[in-house]
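Chains, contacts and geometry: an overview
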Amino acid sequence: MTPWYAQGLRFDCTRCGNCCTGAPGHTWVSEAEIDALSARLGVDRESFIRTYCKRVWRQGRQLVSLVEKKNNDCIFWAKGVGCTVYEDRPRQCRTWPFWRPLLADRESWDDAARGCPGMNRGSVHGLDEIQATAADDGLP
Ligand code: SF4
Ligand code: SF4
């Protein structure tokens, strides 16, 4: 079946920060990402998880997500700076908005676009790129 986005989708990040701030949620981190972020911050894995992460049960598995600050900003978001771990940000952060749930149908995509001014504007991303990104979107 031809996906509804077969003609491609427009997206250029405006770096507004909406997706990193102001709302509770999950930013999943893989084992490799935990290692990379721990090394970046110069701490061991357990300290990193204790300080920057929460463990979450999902689909019968224990997963690890970054924590938020009290104001629901990502723990690694800094006002005026942006993502302070940008080069080592989790896969999930790199693949937005080409996530499987957002691509399920046009309504899901447009619903997400209401909070992301980069969607439905700017560069066209083709079907192959979208599908390759979604196949490894970093979501559980
Ligand atoms: S909400 Fe969209 S436009 Fe804003 S920083 Fe996130 S991805 Fe970029
Ligand atoms: S790790 Fe960086 S890009 Fe990902 S949600 Fe946190 S601040 Fe945003």
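As shown above, the structure is provided for reference.
Throughout what follows, the structure given in this document is the object of discussion. (Residues numbered from 1 in each chain as written. Chains lettered and ligands numbered in written order. Predicted model: local features only at pLDDT ≥ 70, side-chain atom pairs only at ≥ 80, totals over all residues. Heavy atoms only, no water.)

**Things to note about the overall build of the protein**
Looking only at helices and strands, the protein features five helices and six strands. Scanning the protein from its N terminus toward the C terminus, one meets helices and strands in the order β-α-α-β-β-β-β-α-α-β-α. Relative to its length of 140 residues, the protein is compact, with a C-alpha radius of gyration of 16 Å against a globular reference of 14 Å. The principal-axis extent of the C-alpha atoms belonging to the protein is close to 45 × 35 × 25 Å. Scored against the burial criterion, the 140 residues of the protein give a buried share of 36%. Pairs at least 24 apart in sequence give 65% of the contacts found in the protein among residues at least 6 apart. Each charge sign in the protein was given a centre, from 19 positive and 18 negative side chains, and these centres are 5 Å apart. (Helix = DSSP H or I, 4+ residues; strand = E, 2+ residues; numbered from the N terminus. Rg over C-alpha atoms; globule rule 2.2 N^0.38 Å. Buried < 20%, exposed > 50% of the residue type's maximum accessible area, 1.4 Å probe, protein only. Contact = heavy atoms within 4.5 Å. Lys, Arg positive; Asp, Glu negative; His and termini not counted. Charge placed at Lys NZ, Arg CZ, Asp CG, Glu CD.)

**Observations regarding the nonpolar core**
Residues Leu9, Trp96, Leu102, Leu103, Trp109 and Met119 are the most contacted members of the largest nonpolar core, which totals 19 residues. Among the elements of the structure, β1 (9-11), α4 (106-113) and α5 (127-135) are those that each provide at least two residues to this core. Considering each element in turn, this core owes the most residues, three residues, to α4. If you look at the next biggest cluster of nonpolar residues, it comprises twelve residues, including Ile49, Leu66, Trp77 and Val85. (Core = buried A, V, L, I, M, F, W, Y, C linked by side-chain atoms within 4.5 Å.)

**Section: the site of ligand 1**
Taken together, Phe11, Cys13, Thr14, Arg15, Cys16, Gly17, Asn18, Cys19, Trp96, Gly115, Cys116 and Gly118 make up all the residues around ligand 1. Residues that form the shell around ligand 1 fall into these classes: six nonpolar, five polar and one charged. (Near = heavy atom within 4 Å. Nonpolar A, V, L, I, M, F, W, Y, C, P; charged D, E, K, R; others polar.)

**Regarding the pairing of strand β3 (residues 61-66)**
Here strand β2 (residues 53-58) pairs with β3 via six bridges, running antiparallel. Note that in β3 the partner of Arg55 across the bridge is Val64. Here β2 folds back onto β3, and the loop between the two strands holds two residues, one of which, Gln59, carries a positive phi near 55°. (Pairing = 2+ DSSP bridges.)

**Remarks on the pattern of salt bridges**
Per the counting criterion, the structure on display carries ten salt bridges. We note a salt bridge from Lys54 to Glu68, for which the minimum N-O separation is 3.2 Å. Of this pair, Lys54 sits in strand β2 while Glu68 is found in the loop between β3 and β4 (77-78), placing the two residues 14 residues apart along the sequence. A relative accessible area of 24% places Glu68 in the partly exposed class. Residue Asp111 pairs with Arg114 through a salt bridge whose shortest N-O separation is 3.1 Å. With a relative accessible area of 65%, Arg114 lands in the exposed category. (Salt bridge = Lys/Arg side-chain N within 4 Å of Asp/Glu carboxyl O.)

**Focus on the environment of Arg100**
For Arg100, the location among the structural elements is in the loop between α3 (91-95) and α4. Arg100 sits 38 residues away from Gly138 along the chain, and the two C-alpha atoms are 9.9 Å apart. Here Arg100 is in contact with Ala134, Asp137, Leu139 and Pro140, once residues within four sequence places are set aside.

**Some words on α5**
Within α5, the full set of buried residues consists of Ile130, Thr133 and Ala134. Looking down the long axis of α5, one finds its buried residues gathered within 95° of arc, a one-sided arrangement. Facing away from the buried side of α5, by more than 90 degrees, are the exposed residues Asp128, Ala132 and Ala135. Looking at the packing, one finds that the buried side of α5 touches β1, α3 and β6 (119-125). (Arc of directions from axis to C-beta.)

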